[in-house]
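Structural description and commentary
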Amino acid sequence: MASGGEGPADGFPDWADTSIDLSSPGLARASVSMLDNGEDFEVLDEDDDDDDLSELPPLEDIGTGRTPPARDDTQAPGSEQAPEEASNMPQAAEEWLDVLGSGLLKKKTLVPGQGVESRPRKGQDVTVRLKAMLEDGSVVEDNPSLSFTLGDCDVMQALDLCAQLMEMGETALIMSDAKYCYGPQGRSPDIPPHAALTLEVQLLAVQDAPDLELLHGREKIQLANRKRERGNFYYQQADYVLAINSYDIALKTIDSSSKVDFSPEEEAELLEVKVKCLNNLAASQLKLDHYEAALRSCTQVLEHQPENIKALFRKGKVLAQQGEYSEAIPLLKAALKLEPSNKTIHAELSKLVKKHAEQKNVETAMYRKMLGNAGTSSTPALCKDKAPRSIPWKWLFGATAVALGGVALSVVIAARN
């Protein structure tokens, strides 16, 4: 089972209840939260101080060894090679491989492996020995046995990409730009922002990932939670594309068919994890302005939990952003009914009611203008209808002239006779 380096065995606290979602009842007492302070689509109590990320340790994917051992530049760190073997390393070493062709990620073989055919494939679980160092040589990671699923972005991209190019037993040196490590955020307290890393990696084991259909309830819950937590890590790093990827993997794990019977408690816990993933997925999709996708995620949450405040609030926000105020307002009213003291919902609802009123006023004015133009254009038609009933003075003058002319002509004719 891929651990992603985040399990208790690696010295990490259990972050299963500190996701971005915050829907677990126990989170009201948590000292820190994965939520991003100031997110306008998050439902937060005004007295809740748990949305400050400044002191939050991230969900690292690798070990937390903090005591840097003495660095020996004569051999690969952690290796137990004899001096004769170490002296042969330069002859066995290869030139740097530009993995992505950009110069930002390079790999160099220090100790050859068992051949190209022994390379792991995407979807397999791999175990590596990892040591990570800053440019000044200080060690920030020292994990003798890190396991993860290859290609799932369970660990930093530099390691995930390069492990696919390693052979069984190979030891490699990887030099990576910050873009493929911890990025502009870094990792407090030991990895500063925009820090490039040098990794020394040995591929120890490769095995096929477990069959999801054969996982027991507790195993499936743990695997889904690990993928969800990785999504939370990427959300913190503002890498919303990879966050969505991790949440999708977690959801596929949960929704996969099973040949094993689960207890009612396990079914209920799986549903809770699914709801958290969907809520966090919607948050990430909103960050990328993927409104239709976010609507689908919120709708799925409400299908399982019709009174989920976050889903009600987020769906209302998305509909409001699309100008669907008449659909958004009832959702926010439902959320406010569930949590009447929430000032965030109050403020958003008041704003939407105002916008809806303005929208209706604009529509009313537009209709009046349209009807007014129609009335003006019909006036000439009414005048034409009334015209035959009234005799203009010009007609009367002409008729009188014709009559007088006729009388004069009759007199002339009579005189001649």
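Above: the structure in question.
This section reports on the structure supplied with the text. Within each chain, residue numbers correspond to sequence positions counted from 1 in written order. Owing to the predicted nature of the model, reporting of local features is limited to residues with pLDDT of at least 70; listing and counting of side-chain atom pairs is limited to 80 or more, with chain, interface and lining totals taken over all residues. Side-chain measures here rest on the full set of heavy atoms in the structure, leaving out hydrogens and waters.

**Here's the deal with the packing of aromatic side chains**
Each aromatic ring pair is specified by the distance between its two centres and by the angle formed by the two planes. Formally: Working definition: rings of Phe, Tyr and Trp (its six-membered ring) pair if their centres are within 6.5 Å, and the pair is stacked with planes under 30 degrees apart, edge-to-face with planes over 60 apart, and tilted otherwise. The numbering of helices and of strands both runs from the N terminus, where a helix is a DSSP run of H or I of at least 4 residues and a strand a run of E of at least 2. Note on exposure labels: buried denotes an accessible area under 20% of the residue type's maximum, exposed denotes more than 50%, and partly exposed covers the range between, all computed with a 1.4 Å probe on protein chains only. Distance and angle both matter: a charge sits over a ring if NZ of Lys or CZ of Arg is within 6 Å of the ring centre and within 35 degrees of the ring normal.
Scanning the model with the defined rule gives three aromatic pairs in all. A centroid spacing of 6.1 Å and a plane angle of 90 degrees characterise the contact between Y182 and F233, whose relative ring orientation is edge-to-face. Of this pair, Y182 sits in the loop between β5 (171-176) and β6 (197-207) while F233 sits in helix α4 (residues 217-236), placing them 51 residues apart in sequence. Its relative accessible area of 2% is what places Y182 among the buried residues. Members of the aromatic cluster, connected to one another through ring pairs, are Y182, F233 and Y234. Its end group placed over the ring of W96, K106 keeps NZ or CZ at 5.7 Å from the ring centre. The aromatic ring of Y182 is capped on one face by R187, whose charged end is 5.1 Å from the ring centroid.

**What about α4?**
Selection rule: A helix is expected to span 1.5 Å multiplied by its residue count minus one.
Taking 1.5 Å as the rise per residue, α4 with 20 residues should run 28 Å; its terminal C-alpha atoms sit 29 Å apart, in good agreement. With 17 of 20 residues buried, α4 is to be regarded as a mostly interior element. Backbone geometry just after α4 places A238 at a positive phi near 65 degrees.

**Let's talk about the packing of helix α8 (residues 309-321) against helix α9 (residues 325-338)**
What counts here: Angles shown run from 0 to 180 degrees and are taken between the N-to-C directions of axes, each axis being a line fitted to C-alpha atoms and, for helices, limited to the stretch in contact. Note that the term roughly parallel is reserved for angles under 35 degrees, roughly antiparallel for angles over 145, roughly perpendicular for angles of 65 to 115, and oblique for everything else. The crossing is said to be left-handed when, going from far helix to near helix, the turn is anticlockwise and less than a right angle, and right-handed when the turn is clockwise. Two residues form a contact once any of their heavy atoms are found within 4.5 Å. The residue classification treats Ala, Val, Leu, Ile, Met, Phe, Trp, Tyr, Cys and Pro as nonpolar and Asp, Glu, Lys and Arg as charged. All others, Gly included, are polar.
The geometry of α8 relative to α9 is characterised by a closest axis approach of 8 Å and an angle of 155 degrees between their N-to-C directions. Taken together, the axes of α8 and α9 lie roughly antiparallel to each other. α9 is crossed by α8, and the crossing has left-handed handedness. Where α8 abuts α9, its residues I309, L312, F313, K315, G316, L319 and A320 lie against Y325, E327, A328, L331, L332, A334, A335 and L338. Of the residues belonging to the contact of α8 with α9, the class tally is 12 nonpolar, one polar and two charged.

**A closer look at the pattern of salt bridges**
Defined as follows: Each reported salt bridge corresponds to a side-chain nitrogen of Lys or Arg within 4 Å of a carboxyl oxygen of Asp or Glu.
A complete count under the given rule lists 11 salt bridges for this structure. Among the ionic pairs, R187 bridges to D190, the shortest N-O distance being 2.5 Å. Both residues of the pair, R187 and D190, count as buried. The partner of K259 in a salt bridge is E213, and the shortest N-O contact between them spans 3.5 Å. Placement of the pair is K259 in the loop between α5 (240-255) and α6 (264-287) and E213 in the loop between β6 and α4, with a sequence separation of 46 residues. Because the salt bridges share partners, they merge into one network encompassing E141, R187 and D190.

In short, the description is geometric, and any link to function would need to be established separately.
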